[in-house]
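The primary structure of each chain is shown beneath.
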Amino acid sequence: MREIQFREAIQEAMSEEMRRDENVFLMGEEVAEYNGAYKASQGMLDEFGAKRIIDTPIAELGFTGIGIGAAMNGLRPIIEFMTFNFSLVAIDQIINGAAKMMSMSGGQLPIPIVFRGPTGNAGQLSSQHSQNFDSWYANTPGLKVVVPSNPMQAKGLLKSSIRDNDPVIFMESELMYGDKGDVPEDNEFLLPIGEAEVVRSGTDVTIVSFGKMMKVAFEAADELAKDDVSAEVIDLRTIRPIDYQTVVDSVKKTNRLVIVEEAWPLAAISSEITYHIQRHAFDYLDAPIRRINNWDVPLPYAPTLIEEILPNAKKTVQACKDVMYIS
């Protein structure tokens, strides 16, 4: 093990897979000469050259389509969006192209492609650059959606995503690129897509989250521990497919569930999990499930309003106490 930054874990995953498979290449805005907008492709142009680390114009529709066509012809593209807000320009290519091609071709055309980049709030970037697209893309059959919460997951899940024969949406966060964490020194270190992780055992209440909201979940669990409340914390890691069973098993033990998600509340991942738990673990619930989501408004610019609108540890702690009927 050695401690590296999240951005370094992304770079290592891509570089190791490019050394392993000459069909893998990276394409996007500023990924080459500038070493990536967030320095997640640092040094890759020098090692792999301009034919495999490809700078593009500001034209997401175009280079997304090129990537999908390359995947249809046997290559394994990694398409970087400077932010997933910009993927809206290319969403027809992703939804009507990448996601459906395997089915529409009767299995003849797998699309082994990874679309990666940051999603969600990244500070004072205002409404058009602060949206969460996790549940949007997870609503689409044919796509897999991965949302790592630390450098180890970033590396292990990205390597698995690059090797996968289906299109993968790989969601990162601008606020996490500088986060540090231990990562195994193993070129074959992989984490499975579709398996959640119980990252903290507990007995009184289950807290479920993913991505950078795991920081909120951990902070809330620490605060609850001061009041002798034992919170079990689950990191979904993948939201298509969702590992429902790990959540069900936890709720059967704790009898209470709080879900923390940085997303608008309508048709969110937290909505889906809430339905599934009431369907498959209703008799084990001692209280209604609580969700902590963004307010149902575009994210503003003012930092005081951002703080009010986003999920945080205080809201999560209160929700956990509410489902335990304590103050």
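Caption draft 1: Region of the structure containing the packing of helix α3 (residues 60-72) against helix α4 (residues 91-98). Look at α3 against α4: their axes get within 8 Å of each other, and the N-to-C directions meet at 25 degrees. If you check the angle between α3 and α4, you find them roughly parallel. In the packing of α3 onto α4, the handedness of the crossing is right-handed. Judged by residue contacts, Leu61, Thr64, Gly65 and Ile68 of α3 engage Gln93, Ile94 and Ala98 from α4. Across the contact of α3 with α4, the residue classes tally to four nonpolar, three polar and no charged.

Caption draft 2: Quick peek at the nonpolar core. By size, the foremost hydrophobic cluster in this structure holds 43 residues, and its most contacted members are Phe115, Tyr137, Leu236 and Ile277. Every element with two or more residues in this core is listed here: β2 (24-28), α3, α4, α6 (134-138), β7 (168-172), α9 (244-254), β13 (257-260) and α10 (269-280). If one sorts the elements of this core by residue count, α3 sits on top with four residues. Apart from residues no more than four positions distant in its own chain, Phe115 is found in contact with Thr64, Ile68, Ile79, Phe81, Phe84, Ile94, Ala98, Pro167, Val168, Ile169 and Phe170. Listed in part, the 31 residues of the second largest apolar core include Met18, Val24, Tyr38 and Ile162.

Caption draft 3: Representation of α3 in the model. Here α3 is 13 residues long and its end C-alpha atoms lie 18 Å apart, about the 18 Å a rise of 1.5 Å per residue gives. Its buried side turned inward, α3 meets β2, β4 (76-80), α4 and β5 (114-118). Phi turns positive, to about 100 degrees, at Gly74, one or two residues after α3.

Definitions and cut-offs
Within every chain, residues take consecutive numbers counted from 1 along the sequence as written. Given that the model is predicted, a residue must reach a pLDDT of at least 70 before its local features are reported, and side-chain atom pairs must reach 80 or more before they are shown or counted; all residues, however, enter totals for whole chains, interfaces and linings. Only hydrogens and water are set aside when side-chain values are computed; all heavy atoms of the structure are taken into account. Between N-to-C directions, angles span 0 to 180 degrees; the directions come from axes that are lines fitted to C-alpha atoms, helices contributing only their stretch in contact. Numbering of helices and strands runs from the N terminus, with a helix taken as a DSSP run of H or I at least four residues long and a strand as a DSSP run of E at least two residues long. Roughly parallel refers to an angle under 35 degrees, roughly antiparallel to one over 145, roughly perpendicular to one between 65 and 115, and oblique to any angle outside these ranges. Rotating anticlockwise by less than a right angle from the far helix to the near helix defines a left-handed crossing, while the corresponding clockwise rotation defines a right-handed one. Contacts between residues were defined by any pair of non-hydrogen atoms, one from each residue, lying within 4.5 Å. Polar here means any residue outside two lists: the nonpolar Ala, Val, Leu, Ile, Met, Phe, Trp, Tyr, Cys and Pro, and the charged Asp, Glu, Lys and Arg; Gly therefore counts as polar. The criterion is simple. A nonpolar core is a set of buried Ala, Val, Leu, Ile, Met, Phe, Trp, Tyr and Cys residues joined through side-chain atoms within 4.5 Å. Working definition: with a 1.4 Å probe on protein chains only, accessible area under 20% of the residue-type maximum means buried, over 50% means exposed, and in between means partly exposed. One less than the number of residues in a helix, times 1.5 Å, gives the span that helix is expected to have.

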